[in-house]
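Chain and residue survey
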Amino acid sequence: MNRPVGGARATQQEVANEAAALAVESLQAETYIGVVAFDHIPVTLVPMRLNDDPEEVVRVIRGITASGGTRIEPALRMAHAMIQDLPEVQHKHIVLLTDGISHDPTIESFIELARRDEVKITTIGVGDEIDREQLQTIAEGTGSVFHHVRNPRTLPRVLIDSVQEFNKPLIK
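Attention here is on the structure that accompanies the text. (Residues numbered from 1 in each chain as written. Predicted model: local features only at pLDDT ≥ 70, side-chain atom pairs only at ≥ 80, totals over all residues. Heavy atoms only, no water.)

**Observations concerning the environment of V15**
Quick reminder of the rule: Here a helix means four or more residues in a row that DSSP labels H or I, a strand means two or more in a row labelled E, and each is numbered from the N terminus. The rule is simple: take the accessible area with a 1.4 Å probe, protein chains only, and divide by the maximum for that residue type; under 20% is buried, over 50% is exposed, in between is partly exposed.
Relative to the elements of secondary structure, V15 occurs in helix α1 (residues 12–25). Judged by relative accessible area, V15 falls into the buried class, the value being 16%. Separated by 141 residues in sequence, V15 and P156 place their C-alpha atoms 8.0 Å apart.

**Description of the pairing of strand β4 (residues 119–126)**
The test is simple: Here a strand pair is declared whenever DSSP counts at least two bridges between the two strands. When the strands point away from the viewer, a crossover counts as right-handed if the path from the first strand over the helix to the second runs clockwise.
Across the eight residues that make up β4, a large majority, seven, are buried. Relative to β4, strand β3 (residues 92–98) runs parallel, the two being bridged by seven bridges. Residue pairing for β4: V95 is matched across the bridge by T122. One crossover worth recording links β3 to the parallel β4 by way of helix α4 (residues 107–116), and it is right-handed. For the crossover from β4 across helix α5 (residues 132–141) to strand β5 (residues 146–149), the handedness is right-handed.

**Side note on a negative patch on the surface**
Put simply, the rule reads: Residues form patches when they are more than 30% accessible in relative terms and have no salt bridge. Like charges link within 9 Å. Nonpolar side chains (Val, Leu, Ile, Met, Phe, Trp, Tyr) link within 5 Å. Accessible surface is estimated by sampling points in the Shrake-Rupley manner with a 1.4 Å probe; for residues, cover comes only from the protein chains shown. Salt bridges are defined as contacts in which a side-chain nitrogen from Lys or Arg sits within 4 Å of a carboxyl oxygen from Asp or Glu. Within this scheme the basic residues Lys and Arg register as positive and the acidic residues Asp and Glu register as negative, but His and the chain ends are omitted. We put the charge of a Lys on NZ, of an Arg on CZ, of an Asp on CG and of a Glu on CD.
A cluster of acidic side chains, namely E25, D52, D53 and E55, defines a negative patch on the protein surface. For E25, a relative accessible area of 45% gives the class partly exposed.

**What to know about the side chain of T142**
To be explicit about the condition: Pairing of N or O atoms within 3.5 Å defines a polar contact, subject to two protein rules: one partner must be a possible hydrogen donor and the other a possible acceptor, and residues neighboring in sequence count only if both atoms are side-chain atoms. Contacts: residue pairs with any heavy atoms within 4.5 Å of one another.
Positionally, T142 belongs in the loop between α5 and β5. Among the polar contacts listed, one links the side chain of T142 to the backbone nitrogen of I121, at a separation of 2.9 Å. Within the local environment of T142, its side chain forms a polar contact with the backbone oxygen of A139, the two atoms lying 3.1 Å apart. Not counting residues within four places of it along the chain, the set of residues in contact with T142 comprises I111, A114, V119, K120 and I121.

**Details of the packing of α1 against helix α2 (residues 54–62)**
Packed helices, taken two at a time, are described by their axes: the angle between them and the distance between them. Definition in use: All axes here are fitted lines through C-alpha atoms, helices being fitted over the stretch that makes contact, and every angle between N-to-C directions spans 0 to 180 degrees. In this scheme, roughly parallel covers angles under 35 degrees and roughly antiparallel covers those over 145, while 65 to 115 is roughly perpendicular and the rest are oblique. Note that Gly is not counted as nonpolar here; it falls among the polar residues with everything else outside the nonpolar set of Ala, Val, Leu, Ile, Met, Phe, Trp, Tyr, Cys and Pro and the charged set of Asp, Glu, Lys and Arg.
Contact geometry of α1 with α2 gives a least axis separation of 9 Å together with a crossing angle of 170 degrees. Considering the angle they form, α1 stands roughly antiparallel to α2. Mapping the contact onto sequence places N17, E18, A20, A21, V24 and E25 in α1 and P54, V57, V58, I61 and R62 in α2. Residue composition of the contact of α1 with α2, by class: seven nonpolar, one polar and three charged.

This is the structure we're talking about:
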């Protein structure tokens, strides 16, 4: 994600951060949000909470830096655990954004767990150095969609569109 975006001074990470910030700002205050950053190790940056202070979440997101490596499954498992701790909600949804290739030999068992728990995972792969098949398998296996973003400048629209489902009433 440290690669520059075609002709711009911004890196893919900076573009991704800004796109995620815009997506958070588009969410209603009643929407639950959590943020997990990952390279080879996932880290919870924003524990699951209501989006009643989006400025704080945006500040954290804008501080994410790229450090190399990609391990998707541990990050998804961490996000899944965060969702399981929520009070009863109508939609459980994870948005995964990556520009890397991850070798996750047990991803199929995780997909089955997410499907069983009715957690949809929208996957967004940025650039050409992604495992399109894996991202598509994760998304389709959980009843969601995969987006391949070749031009990072289109990422904000893709991310905002991906989170609009969250703006539907969530609490049963």
